[in-house]
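Observations on the three-dimensional arrangement
Here are the chains, one letter per residue:
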Amino acid sequence: MSERTLILSAVCRRFVQGDAALEVLSGANLTVRAGEIVALVGPSGSGKSTLLQIAGLLERPDEGEVSICGRACGSLGDTERTRLRRESLGFVYQHHHLLPEFSALENVVLPQMIARQNRGAAISRACALLDRLGLAARRGHRPGQLSGGEQQRVAIARALANEPMLLLADEPTGNLDPATADAVFAELLDLVRAHGLAALIATHNPDLAARMDRRVALRSGVLVEV
Ligand SMILES: Nc1ncnc2c1ncn2[C@@H]1O[C@H](COP(=O)(O)OP(=O)(O)OP(=O)(O)O)[C@@H](O)[C@H]1O
Ligand SMILES: [Mg+2]
């Protein structure tokens, strides 16, 4: 497939603190096609999270453009960006950010309700995702009653709940022990491949990066293929 799901064009991002300006992204370019899984690597502080926040429409670049599923996002207002995020993007963070008061099932149903999915369909999709991730017996548990690996699996199910075209993940297994990280990561890749999604996944782990289709590294604010 050649559909270009995510395009970053000459993205710049600067942070100003007091008199000092820090240019974290200095013209970053990237294309992620449908069905392609790309590892985002680079040392701590190189700007991986900043880049993912911009690609995920959570922040705006100072210069440059982000296109998602063929739509240029720079000129879109906040309402349109929120809608595009809800309909086309799934995001998984290093820490799960699940809602603590709600069960695993409800955490996966809620984003679908916000997207005006019918409740019955939302519940069956949530169950299918949780079952696929080995959590059939944990649906009623709250995040605090789940292990770290189980919490991250719920976060993955939640990210995929609205059938996004693009999955963005910021060190999604960074908080897990190596064996659990390995298992959860394999399940994440399986699901992304099974749904034919485009994915951009930041990781510090070279073994995990090696399992993706392609690797790009942030170096001095630009992306290079490695
Ligand atoms: N809101 C902000 N204000 C000021 N500086 C920021 C802000 N967000 C990020 N930075 C700076 O931008 C740089 C890149 O940060 P970022 O979190 O994107 O790096 P990273 O590659 O994700 O690092 P890590 O691997 O440790 O997660 C850092 O020097 C950071 O201090
Ligand atoms: Mg980071």
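Look above for the structure.
To keep things clear, this report deals only with the structure shown in the data block.

Topic: the overall build of the protein chain
Check the secondary structure of the protein chain and you find 7 helices and 10 strands. Relative to the globule expectation of 17 Å for 226 residues, the C-alpha radius of gyration of the protein chain, 17 Å, shows essentially globular dimensions. In terms of principal-axis extent, the alpha carbons of the protein chain reach across some 50 × 40 × 40 Å. The proportion of buried residues among the 226 residues of the protein chain is 48%. Considering only residue pairs separated by 6 or more positions, the protein chain has 69% of its internal contacts joining residues 24 or more positions apart. A total of about 10,400 Å² of accessible surface is found on the protein chain, and carbon and sulfur atoms cover 49% of it. Measuring between centres, the 25 positive side-chain charges of the protein chain sit 4 Å from its 25 negative side-chain charges.

Some details on unusual backbone geometry
What is expected of a backbone is that most residues other than glycine have negative phi and most peptide bonds are trans. Located in the positive-phi region is C69, a residue other than glycine, with phi close to 50°. Mapped onto the fold, C69 is located in the loop between β4 (63-68) and β5 (71-72). You can call C69 partly exposed: its relative accessible area is 26%. One non-glycine residue, E163, lies in positive phi territory at about 50°. Looking at the element boundaries, E163 is found in the loop between α5 (148-160) and β7 (166-170). Exposure remark for E163: the relative accessible area of 53% places this residue in the exposed category.

Here we look at helix α2 (residues 78-88)
Of all the positions in α2, only R81, L84 and S88 are classed as buried. Relative to the axis of α2, the buried residues are bounded by an arc of 65° and lie together on one face. Away from its buried face by more than 90 degrees, α2 exposes D78 and T79. The inward-facing, buried residues of α2 contact β4, β5, β6 (89-92) and β7.

Description of the site of ligand 1
S44, G45, K48, T50 and H204 are the nearest of the 14 residues found near ligand 1. At a separation of 2.8 Å, an oxygen atom of ligand 1 approaches a polar backbone atom of G45. Within the side chain of S49, an N or O atom sits 2.9 Å from an oxygen atom of ligand 1. Isolated, ligand 1 exposes 640 Å² of accessible area, and the fraction of that covered by the protein chains is 63%. Secondary structure elements with two or more residues in the shell around ligand 1: β1 (4-17), β2 (20-33) and α1 (48-55). Of the residues forming the shell around ligand 1, the biggest block, 3 residues, is contributed by α1.

Here we look at the side chain of Q152
Note that Q152 resides in helix α5. For Q152, the contacting residues outside a window of four places in its chain are V92, Y93, Q94, H95, H96, P172, L176 and V184.

As for the packing of α5 against helix α6 (residues 178-194)
Between α5 and α6, the least distance of the axes is 10 Å, while the angle of their chain directions is 15°. Our classification of the angle between α5 and α6 gives roughly parallel. Crossing hand, α5 versus α6: right-handed. Of the residues in α6, those touching α5 at G149, Q152, R153, I156 and L160 are T180, A183, V184, E187, L188 and L191. Counted by class, the contact of α5 with α6 contains 6 nonpolar, 3 polar and 2 charged residues.

Cut-offs and rules
- Residues numbered from 1 in each chain as written.
- Chains lettered and ligands numbered in written order.
- Predicted model: local features only at pLDDT ≥ 70, side-chain atom pairs only at ≥ 80, totals over all residues.
- Heavy atoms only, no water.
- Helix = DSSP H or I, 4+ residues; strand = E, 2+ residues; numbered from the N terminus.
- Rg over C-alpha atoms; globule rule 2.2 N^0.38 Å.
- Buried < 20%, exposed > 50% of the residue type's maximum accessible area, 1.4 Å probe, protein only.
- Contact = heavy atoms within 4.5 Å.
- Areas by Shrake-Rupley, 256 points an atom, 1.4 Å probe, with all protein chains shown as cover.
- Lys, Arg positive; Asp, Glu negative; His and termini not counted.
- Charge placed at Lys NZ, Arg CZ, Asp CG, Glu CD.
- Arc of directions from axis to C-beta.
- Near = heavy atom within 4 Å.
- Polar contact = N/O pair within 3.5 Å; in protein donor to acceptor, adjacent residues only side chain to side chain.
- Axes fitted to C-alpha atoms, helices over the stretch in contact; angles between N-to-C directions.
- Parallel < 35°, antiparallel > 145°, perpendicular 65-115°, else oblique.
- Left-handed = near helix turned anticlockwise from the far one by under 90°.
- Nonpolar A, V, L, I, M, F, W, Y, C, P; charged D, E, K, R; others polar.

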